[in-house]
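Descriptive structure summary
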Amino acid sequence: MLIRKPSDILPSEITPEATYRDRRTFLAAAGGLLAAAALPLKAKGAQGSGANLGPLQKSPLSTSETPNTYAQVTQYNNFYEFGTGKDDPAREAWRLKPRPWEVKVTGLCAKPRTFGIEELLKLAPLEERIYRMRCVEGWSMVIPWVGFPIKALLDKVQPLGSARFVAFFSADRPDQMPGVRLPVLDWPYLEGLRLDEANHPLAILAVGLYGQILPNQNGAPIRLVAPWKYGFKGGKSIVEIRLVKDQPWTSWAKANPNEYGFYANVNPNHDHPRWSQKTERRIGELLRRPTQMFNGYGDQVAHLYRGMDLDTYF
Ligand code: MTE
């Protein structure tokens, strides 16, 4: 994100619109009827196991917009632990070993404990959540995540009254993640939410996409997704979730506090210091489209920020 601005992205890096799956194919996929012939399940460079996560509940919180293709979602990524290029994660993330995996839930809670990934997969009914995702760099995608509300996990550990924020720590494994050997960011990658944001029904821990186990490049085996915020909030390959009193000093804010605010709410009226945030380019489309406040989720989340100046708290 520090490295390139939107105009630097070459059209040749983006899968052409013609590869979009049609709406009918998408509906079949959403119903768990993934027809192998209909879409590129094992896209080149994709590191998913191919294992289905179904049966999945459908969520009323899903958008009805057409999702991006599996190839687009899994080959155009930001995951600096594997390099700063958009195609680095798809090429390099095979090195990550997402099983066995544990997530420690610690800090200001009555029942801190460690959860194995298999237990997390069963913690709450898995739902398909088709979300619009907007990256601070000016591009967007629609992604059919599979996951469960973060609240389901937090309820298990019983946050104390003193807990106000939740910090999400990504894995930091130099033997598996070549990018962390370089001081590009302050590792481990750290993101955070206010506790009420984390408890919002839209905020999920994703364990899959397109009905399948999450590919490594998208943050296997478990990552944060908060669709009203810029994509950098979505910490990948999480190993610790810590309930804390003070606002966490997150990796991107540390790297450049003027560019990457803690709130990271999609706000077209707050320019990034180096470019406008008023429009976005949906990956696979040529023309830019207007960006919506809170990425179009304002009806659900605006109340969380009542009384706050969203230009100051960007
Ligand atoms: N998480 C980790 N651990 N490392 C990263 O570099 N990049 C973030 C976020 N989560 C990142 C991360 C950014 S900038 C974006 S836009 C999203 O992941 C991209 O998610 P995607 O590749 O699944 O679309």
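Now for a quick tour of the structure. (Residues numbered from 1 in each chain as written. Predicted model: local features only at pLDDT ≥ 70, side-chain atom pairs only at ≥ 80, totals over all residues. Heavy atoms only, no water.)

**Concerning the site of the ligand**
In the vicinity of the ligand, 16 residues are found, and the nearest of them are Met1, Tyr80, Glu81, Gly234 and Lys236. Contact between the ligand and tyrosine 80: an oxygen atom at 2.7 Å from a main-chain N or O atom of the residue. Alone, the ligand offers 530 Å² of accessible surface; in the complex the protein occludes 97% of this. (Near = heavy atom within 4 Å. Polar contact = N/O pair within 3.5 Å; in protein donor to acceptor, adjacent residues only side chain to side chain. Areas by Shrake-Rupley, 256 points an atom, 1.4 Å probe, with all protein chains shown as cover.)

**Structural notes on unusual backbone geometry**
A cis amide bond links arginine 99 to the next residue, proline 100, at an omega of -10 degrees. When you line up the elements, proline 100 lands in the loop between helix 3 (88–92) and strand 2 (102–107). A cis amide bond, omega -5 degrees, links alanine 220 with the succeeding residue proline 221. Within the secondary structure layout, proline 221 lies in the loop between strand 9 (212–213) and strand 10 (223–225). Phi at serine 237 takes a positive value of approximately 50 degrees, unusual for a residue other than glycine. Note that serine 237 resides in the loop between strand 10 and strand 11 (238–244). You will see that alanine 264, though not glycine, has its phi angle at about 55 degrees, which is positive. (Helix = DSSP H or I, 4+ residues; strand = E, 2+ residues; numbered from the N terminus.)

**Thoughts on the pattern of salt bridges**
Pairs can form between side chains of opposite charge whenever their charged atoms are close. Per the stated rule, a full pass over the model turns up 22 salt bridges. Salt-bridge contacts for arginine 95 lead to glutamate 92; the nearest nitrogen and oxygen are separated by 2.9 Å. The class for arginine 95 is partly exposed, based on a relative accessible area of 31%. Of the residues examined, glutamate 92 reaches a relative accessible area of 17% and is grouped as buried. Measuring nitrogen to oxygen at the nearest pair gives 3.9 Å for the salt bridge that ties arginine 282 to glutamate 280. On the basis of relative accessibility, which here comes to 4%, the residue arginine 282 falls in the buried class. (Salt bridge = Lys/Arg side-chain N within 4 Å of Asp/Glu carboxyl O. Buried < 20%, exposed > 50% of the residue type's maximum accessible area, 1.4 Å probe, protein only.)

**Section: the pairing of strand 8 (residues 204–209)**
For strand 8, a buried count of six out of six residues is recorded, marking the element as mostly surrounded by other parts of the structure. Taken together, the five bridges between strand 5 (residues 139–149) and strand 8 define a ladder with antiparallel strand orientation. Within strand 8, the residue paired with valine 146 across the bridge is glycine 208. Inspection of the sheet shows strand 8 paired to strand 10 by three bridges, in the antiparallel sense. Residue pairing for strand 10: alanine 206 is matched across the bridge by arginine 223. Bridge analysis of strand 8 against strand 9 gives two bridges, and the strand direction is antiparallel. Across the sheet, glycine 208 pairs through a bridge with isoleucine 213, a residue of strand 9. Joining the antiparallel neighbours strand 8 and strand 9 is a turn of two residues, in which tyrosine 210 adopts a positive phi near 50 degrees. (Pairing = 2+ DSSP bridges.)

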